[in-house]
Amino acid sequence: AASLAADRLESERKAAADAESKASSRADDNKQGEEIAEPDAQAECALEKSSEEEEQLAKKRRSLLDEFLSESAAPAGACAAKLMLRLPTGQRVQRTFSSEDRFSKVRRWVQCCEWLPEGHGQELCIPAEFDLSLSFPPRQLGSHEDEMSLAELGLTPSAALLLIDRST
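Residues numbered from 1 in each chain as written. Predicted model: local features only at pLDDT ≥ 70, side-chain atom pairs only at ≥ 80, totals over all residues. Heavy atoms only, no water.

K.L.:
Could you give an account of the pattern of salt bridges, naming the residues involved and the relevant values?
P.N.:
Side chains that differ in charge, positive against negative, can pair when their charged atoms come close. Overall, the coordinates contain six salt bridges when judged by the stated rule. For E118, the salt bridge identified is with R95, shortest N-O distance 2.8 Å. Taken together, the residues E118 in the loop between α3 (103–112) and β3 (130–134) and R95 in strand β2 (residues 92–98) connect sequence positions 23 residues apart. Classification of R95 by relative accessible area gives buried; the value is 13%. (Salt bridge = Lys/Arg side-chain N within 4 Å of Asp/Glu carboxyl O. Helix = DSSP H or I, 4+ residues; strand = E, 2+ residues; numbered from the N terminus. Buried < 20%, exposed > 50% of the residue type's maximum accessible area, 1.4 Å probe, protein only.)

K.L.:
Hey, could you go over the pairing of β3 for me, with residue numbers and the actual values?
P.N.:
Most of β3 sits inside the fold, with five of its five residues counted as buried. Neither face of β3 is left uncovered, since the one carrying F130, L132 and L134 and the one carrying D131 and S133 both have all their residues buried. As paired strands, β3 and strand β5 (residues 158–165) are joined by five bridges and run antiparallel to one another. Bridged to L132 within β5 is L163. Here three bridges tie β3 to strand β4 (residues 139–141), and the two strands are oriented antiparallel to one another. Looking across to β4, one finds that S133 is bridged to Q140. Counted between consecutive antiparallel strands, the loop separating β3 from β4 contains four residues. (Pairing = 2+ DSSP bridges.)

K.L.:
Provide a residue-level description of a negative patch on the surface, including the pertinent values.
P.N.:
On the surface, E52, E53, E54 and E55 cluster together into a patch of negative charge. Secondary-structure assignment places E52 in helix α1 (residues 2–63). With relative accessibility at 48%, the residue E52 sits in the partly exposed group. (Patch = residues over 30% accessible without salt bridge, like charges linked within 9 Å, V, L, I, M, F, W, Y side chains within 5 Å. Areas by Shrake-Rupley, 256 points an atom, 1.4 Å probe, with all protein chains shown as cover. Lys, Arg positive; Asp, Glu negative; His and termini not counted. Charge placed at Lys NZ, Arg CZ, Asp CG, Glu CD.)

K.L.:
Give a description of the sheet that holds β3 that names residues and reports values.
P.N.:
With respect to topology, five strands assemble into an open sheet ordered β2-β1-β5-β3-β4, the strand pairing being mixed. In the strand order of this sheet, the two ends are held by β2 and β4, each with one partner. Ignoring which end each strand starts from, the neighbouring axes of this sheet average 35° apart. (Axes fitted to C-alpha atoms, helices over the stretch in contact; angles between N-to-C directions.)

K.L.:
Go over the state of the cysteines with me, naming the residues and quoting the values.
P.N.:
A complete count under the given rule lists zero disulfides for this structure. Free cysteine C112: the closest other cysteine sulfur is in C113, separated by 7.0 Å. (Disulfide = S-S within 2.5 Å.)

K.L.:
Break down the side chain of S133 for me, citing the residues and quoting the values.
P.N.:
Mapped onto the fold, S133 is located in strand β3. Those residues within four positions of S133 in sequence are excluded, and the remaining contacts are R139, Q140, L141, A160, L161, L162 and I164. (Contact = heavy atoms within 4.5 Å.)

K.L.:
Describe the environment of M84, with residues and values.
P.N.:
Within the secondary structure, M84 sits in strand β1 (residues 80–86). Here the alpha-carbon distance between M84 and Q94, two residues 10 residues apart in the chain, equals 4.3 Å. In this structure M84 touches R92, V93, Q94, A159, A160 and L161, once residues within four positions along its chain are discounted.

K.L.:
Can you break down the environment of P88 residue by residue, with the values?
P.N.:
Along the chain, the position of P88 falls in the loop between β1 and β2. Separated by 77 residues in the primary sequence, P88 and D165 have C-alpha atoms spaced 7.4 Å apart.

K.L.:
Would you mind going over unusual backbone geometry in detail, with residue names and values included?
P.N.:
For the bond from F136 to P137, the omega torsion is -15°, close enough to zero to count as cis. On the secondary structure map, P137 appears in the loop between β3 and β4.

This is the structure in structure tokens:
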């Protein structure tokens, strides 16, 4: 009988130890789950933020469309500047401007060209932050040149512009 009682006591101790071990394991799992959930929540928040930023950028760029959609026929002859924009993906978009247009207008066009007829049929991806440069002769066109005319910048009768993604 003493041996039976000792065996029972031993098995109860093992059962209690197993139960304690399982409880401890569950607590660890819950902690890990909480730790995993926290980065997931942070990642989700970051995604929501970037999604909101993308929506705001798209809205801003779409507001620029009216300026280019309402323009009459492209200028021709000596007063024209035919610009070809080459994206980092190798895609190209082209538009003819007046040689008297300011370079700031070209920057606005680049921001919304994916929704204009010249970008139709292409899946253009214009980065949020970009620079423009000439392919030949190589020259970066900074914001200090935004108020210069295309003729003053030497972009007539035609020029190739390279879009450089600043966000990478």
